[in-house]
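# Summary of structural features
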Amino acid sequence: ALSCPAHSHYELCGSPCQPTCHSPSVPTQCATSPCSEGCFCDTGYVLSGSDCVPHSECGCEYLGHYYQKDTEFYPSCRERCRCSANGTVTCQEAFCGAHEECRVEDGVLGCHPTGYGRLVVSGDPHYVTFDGRTFNIPGSCTYILARVCETAQRLVNFTVLVEHEAGSHGDPVLMKRVVVSIHGYRVTMERGQRWEVDLERYTLPLVTEDKNLRIGQEGNNIILHTAAGVRILYNTDTFLLITVPNIYRGRLCGLGGNYDGDPSNDFRLPSGALAGTTQEFVTSWKVPEKDRACSDGCNDSTCSKCDVSNKAMYSKNTSCGIIHDAEGPFRECHPRVSPVEYFIHCVHDICAANGDRTALCHALQAYTAACQAAGATVRAWRTKELC
Ligand SMILES: [Ca+2]
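A brief look at the structure comes next. (Residues numbered from 1 in each chain as written. Predicted model: local features only at pLDDT ≥ 70, side-chain atom pairs only at ≥ 80, totals over all residues. Heavy atoms only, no water.)

One finds Leu 145, Phe 158, Ile 242, Tyr 248 and Leu 255 to be the most contacted residues of the largest nonpolar core, which totals 50 residues. Contacts of Phe 158, omitting those with residues within four sequence positions, involve Ala 146, Arg 147, Val 148, Ser 181, Ile 182, Val 230, Val 244, Tyr 248 and Leu 252. Ranked by size, the runner-up nonpolar core spans 34 residues in total, among them Phe 343, Cys 351, Cys 361 and Ala 376. (Core = buried A, V, L, I, M, F, W, Y, C linked by side-chain atoms within 4.5 Å. Buried < 20%, exposed > 50% of the residue type's maximum accessible area, 1.4 Å probe, protein only. Contact = heavy atoms within 4.5 Å.)

Here it is as structure tokens:
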């Protein structure tokens, strides 16, 4: 037996002139013959593609393309249109945002990000903001790393929190946990633990049912891809990299700064005012915690005491100097990711660890991950003695 789709019925000899979204009324001079056998829309429904829908649910036909109802589309790179009820198309002149470009992606013409911003937390932990400003946090509290402060249409909100763990006396402070809230999910990544989505633990790789989150493992790194284009790479130890599409430019806040291209205005308080000191900036993004005491630690000048002779020793090419060595394994990465901050952080960390080679190993791993994330080649640097 022939079964017909929803809102349609079978006719042995139906009219050849069916109402469609395109031509909802049957022409008065429609010839009744020849008739045809098949499925015909019920009264009150019209043909939309191969479905029978109430006329109000019809999509739009525009310049030879069909668009679903209640969607926005770009028929050209200078016009944005909206398909509303009853197949109505309304258009207005529109251009993509400053950090978007108009191009075809997945077969659809539209505004897409031109590039990405990058925020790094590594080692002891050292921060490099989206605009490239650096600072250290010796404390053991939880902080707002990045979140959307200036919302906009089509911009997916997200928040990233980072929790520090106080090292035992003399040991460095490390990242303990990273919590990402995006697309209605809450993803928790903890050092040495499996990833958690909405309080459930899963094995990797994982794709959420709505396909908005994809979590996979590449080498030592766990990578969270989101439909919003925000990407989080965590080596579950000492390196965290967040990349965001340029559409978030100037709209972020938190320890990662506002991502407007200007490093000098990155140390802002939640109120939007510029912070007087680095400490004031860091403290202002602290998240209150009920079940855990935390300390702000000491400020940099009293914590890190690296004497001049040690500093010189750790700066050699056999130690941290390898990072900016023009002949070294990282030379091809230098144009893509500046080695300066990674070198300074490396010396700082080895000093704090009294020359422990593990700290050097972590610093080199951090720079390696940053280089690889930027698509740069890193030559082999691990040896029997190191890492
Ligand atoms: Ca800035």
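This part is about the sheet that holds strand S16 (residues 158–165). Two modes of strand pairing occur in sheets, parallel and antiparallel, and in both the strands are linked by backbone hydrogen bonds. Taken in spatial order, the seven strands of this open sheet run S20-S19-S18-S17-S16-S15-S26, and their pairing is antiparallel. This sheet does not close on itself; its edge strands, each paired only once, are strand S20 (200–201) and strand S26 (252–253). (Pairing = 2+ DSSP bridges. Helix = DSSP H or I, 4+ residues; strand = E, 2+ residues; numbered from the N terminus.)

Looking at the calcium ion, one finds its protein donor set to be Asp 131 (OD), Asn 258 (OD1), Asp 260 (OD), Asp 262 (O), Asn 265 (OD1) and Asp 266 (OD), positioned 2.2 to 2.4 Å from the metal centre. Relative to the metal, the six donor atoms surrounding the calcium ion lie at angles of 72 to 167°, and the coordination shape comes out octahedral. Mapping the donors of the calcium ion onto the primary sequence gives the spacing D-x126-N-x1-D-x1-D-x2-N-D. Asp 260 gets classed as partly exposed once you look at its relative accessible area, which sits at 32%. (Donors = N, O, S within 2.8 Å, 3.2 Å for Na, K, Ca; no water. Tetrahedral: all angles 85-135°; square planar, octahedral: opposite > 155°, others 65-115°.)

Looking at the secondary structure, you find Gln 365 in helix H5 (residues 357–373). Separated by 16 residues in the primary sequence, Gln 365 and Trp 381 have C-alpha atoms spaced 9.9 Å apart. Once you skip the residues sitting within four places of it in the chain, Gln 365 turns out to touch Trp 381 and Arg 382.

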